[in-house]
Amino acid sequence: MLHTSHVSCCASLRQTLLQGWQQSFPLHSSPFRQMAARSGATPRELLSLCQDLHRKGALQRVLPAWGDGLQRTRWRLAFAPVGDDAALASALAALPGCIHIERGCEPAPGLPSVWAEVEVLDDAALDRQLQRLPLPPVSRLAVTTGSPLAQPCDDPDTARQLEEGLLLCSRPFAECARRLGCSESKLLARLQAWRRSGVLTGMSLKPPPTRVPQPGLLALWSDTVAPQSLARLHDHPGVERVISAPGTAGWPWRLSAVLHAAPQLAHAQLRETAAHAGLRMPDASLRLLIEQPREQALLFKTPAPTA
């Protein structure tokens, strides 16, 4: 029979694993030994629990969290209504760069019905991924991420291997280095250099994103928005994303906002949010189901060629 203190310790350790080390997995030859020292468990207990949570789908492998120093571009895409949009949503979710999919809950004349965000290293990578879709987007907007000093990755092979995920074993970096054909010390030095330059924020050990679509609301404005209104909108609770643009034929909306909102409260929440930001009600809005295929784009995974 387990002692109450042991059960409590296991529960606490499980909670730490599901909430801690989300961008601070140690860059060390024995990371689980370092983590164990901070959690009060033995390295064997900690690793065993990680492996168990991973088998149950509650914990991912150790993955890189790319920083602002890595040159890449995020694109927002909009797709025309096609009746049943399930096939399009499934194809989008399969793209390695896709991180958000928003599907309209009801027909909205004149509005795209599916919206997505895809992050890629360059325009060629975007084109390769869009070729995998059953239809092209009707509108697209490039939202550049990273700092003005961001640089291309200087070692794509290592980056690609990291995105495969480190094995949950006692020496994960040594195992990754073996697959790369280099020494563990060389790999760790590379990761430390990337962290110093901002290419890498850190390595993360965390649960996968939820597979349950979340309710939301998309609001679209065609007017130019004052900077103070934009700042208030950014900071308002419940606003997940704000996209501002100059307004062009390819992307006619000067302001878009995605809110997390329960269906029965969505429009009341939109009115309150617009009033807080000093905005009039939007030109158009659409209730959404928001899906997150992955927490971070797989920037270095090359899609298979189109048949």
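Treat the numbers as computed from the prediction; the structure is a model and nothing was measured.

Regarding the overall build of the protein
Within the protein one finds ten helices and ten strands. Counting only C-alpha atoms, the protein reaches 60 × 50 × 40 Å along its principal axes. Sorting the 307 residues of the protein into buried and exposed places 43% on the buried side. Long-range contacts, defined here as pairs at least 24 residues apart, represent 77% of the contacts in the protein between residues at least 6 apart. Per element, the accessible surface of the protein, about 15,400 Å² overall, is 53% carbon and sulfur. One finds the centroid of the 32 positive side-chain charges in the protein at a distance of 6 Å from the centroid of its 26 negative side-chain charges.

Details of the pattern of salt bridges
Under the defined criterion, the tally for this structure stands at 22 salt bridges. A salt bridge links Arg76 to Glu102, with the nearest nitrogen and oxygen atoms 2.7 Å apart. On the criterion of sequence distance, the pair formed by Arg76 in strand β2 (residues 72–79) and Glu102 in strand β3 (residues 98–104) is long-range, its members being 26 residues apart. Overall, the relative accessible area of 0% leaves Glu102 in the buried class. Residue Arg171 pairs with Glu184 through a salt bridge whose shortest N-O separation is 2.6 Å. Note that Arg171 is positioned in the loop between α6 (156–163) and α7 (172–180) and Glu184 in helix α8 (residues 184–197), a separation of 13 residues in sequence.

Some points on the pairing of strand β7 (residues 214–221)
Along β7, six of the eight residues are buried, which leaves the element largely enclosed by surrounding structure. With seven bridges connecting them, β7 and strand β10 (residues 284–291) associate as antiparallel partners. Each bridged residue has a counterpart across the sheet, and for Leu218 the counterpart in β10 is Leu286. With six bridges connecting them, β7 and strand β9 (residues 255–260) associate as antiparallel partners. When the sheet's bridge partners are listed, Leu218 is paired in β9 with Val258.

Let's talk about the side chain of Glu163
Summarising the element assignment, Glu163 is placed in helix α6. Polar side-chain contacts of Glu163 include one of 2.9 Å to the backbone nitrogen of Phe300. Once you skip the residues sitting within four places of it in the chain, Glu163 turns out to touch Leu63, Pro64, Trp66, Ala297, Leu298, Leu299, Phe300 and Lys301.

Observations regarding the packing of helix α9 (residues 227–235) against helix α10 (residues 266–277)
Where α9 contacts α10, the axes come no closer than 8 Å and their chain directions differ by 135 degrees. With respect to their mutual orientation, α9 and α10 come out oblique. Here α9 runs over α10; the crossing is right-handed. In this structure, α9 contributes Ser229, Arg232 and Leu233 to the contact, and α10 contributes Thr273, His276 and Ala277.

Points about α8
The terminal C-alpha atoms of α8 lie 20 Å apart, and with 14 residues this matches the ideal 20 Å at 1.5 Å per residue to within 8%. Of all the residues in α8, the buried ones are Glu184, Leu187, Leu188, Leu191 and Trp194. Buried residues of α8, viewed axially, fall in a sector of 120 degrees; they line one side. Summarising the geometry of α8, the exposed residues directed more than 90 degrees from the buried face are Ser185, Lys186 and Arg196. Here the buried face of α8 lies against β1 (63–66), α6, α7 and β6 (200–204). At the C-terminal side of α8, Gly198 shows a positive phi close to 90 degrees.

Side note on helix α2 (residues 31–39)
Taken together, the buried positions of α2 are occupied by Pro31, Phe32, Met35 and Ala36. Summarising the axial view, the buried residues of α2 lie within an arc of 130 degrees, below the 170-degree limit, and thus occupy one face. In α2, the exposed positions angled more than 90 degrees off the buried face are occupied by Arg33, Ala37 and Arg38. Next to the buried residues of α2 lie α3 (43–55) and α7.

Cut-offs and rules
- Residues numbered from 1 in each chain as written.
- Predicted model: local features only at pLDDT ≥ 70, side-chain atom pairs only at ≥ 80, totals over all residues.
- Heavy atoms only, no water.
- Helix = DSSP H or I, 4+ residues; strand = E, 2+ residues; numbered from the N terminus.
- Buried < 20%, exposed > 50% of the residue type's maximum accessible area, 1.4 Å probe, protein only.
- Contact = heavy atoms within 4.5 Å.
- Areas by Shrake-Rupley, 256 points an atom, 1.4 Å probe, with all protein chains shown as cover.
- Lys, Arg positive; Asp, Glu negative; His and termini not counted.
- Charge placed at Lys NZ, Arg CZ, Asp CG, Glu CD.
- Salt bridge = Lys/Arg side-chain N within 4 Å of Asp/Glu carboxyl O.
- Pairing = 2+ DSSP bridges.
- Polar contact = N/O pair within 3.5 Å; in protein donor to acceptor, adjacent residues only side chain to side chain.
- Axes fitted to C-alpha atoms, helices over the stretch in contact; angles between N-to-C directions.
- Parallel < 35°, antiparallel > 145°, perpendicular 65-115°, else oblique.
- Left-handed = near helix turned anticlockwise from the far one by under 90°.
- Expected span 1.5 Å × (residues − 1).
- Arc of directions from axis to C-beta.

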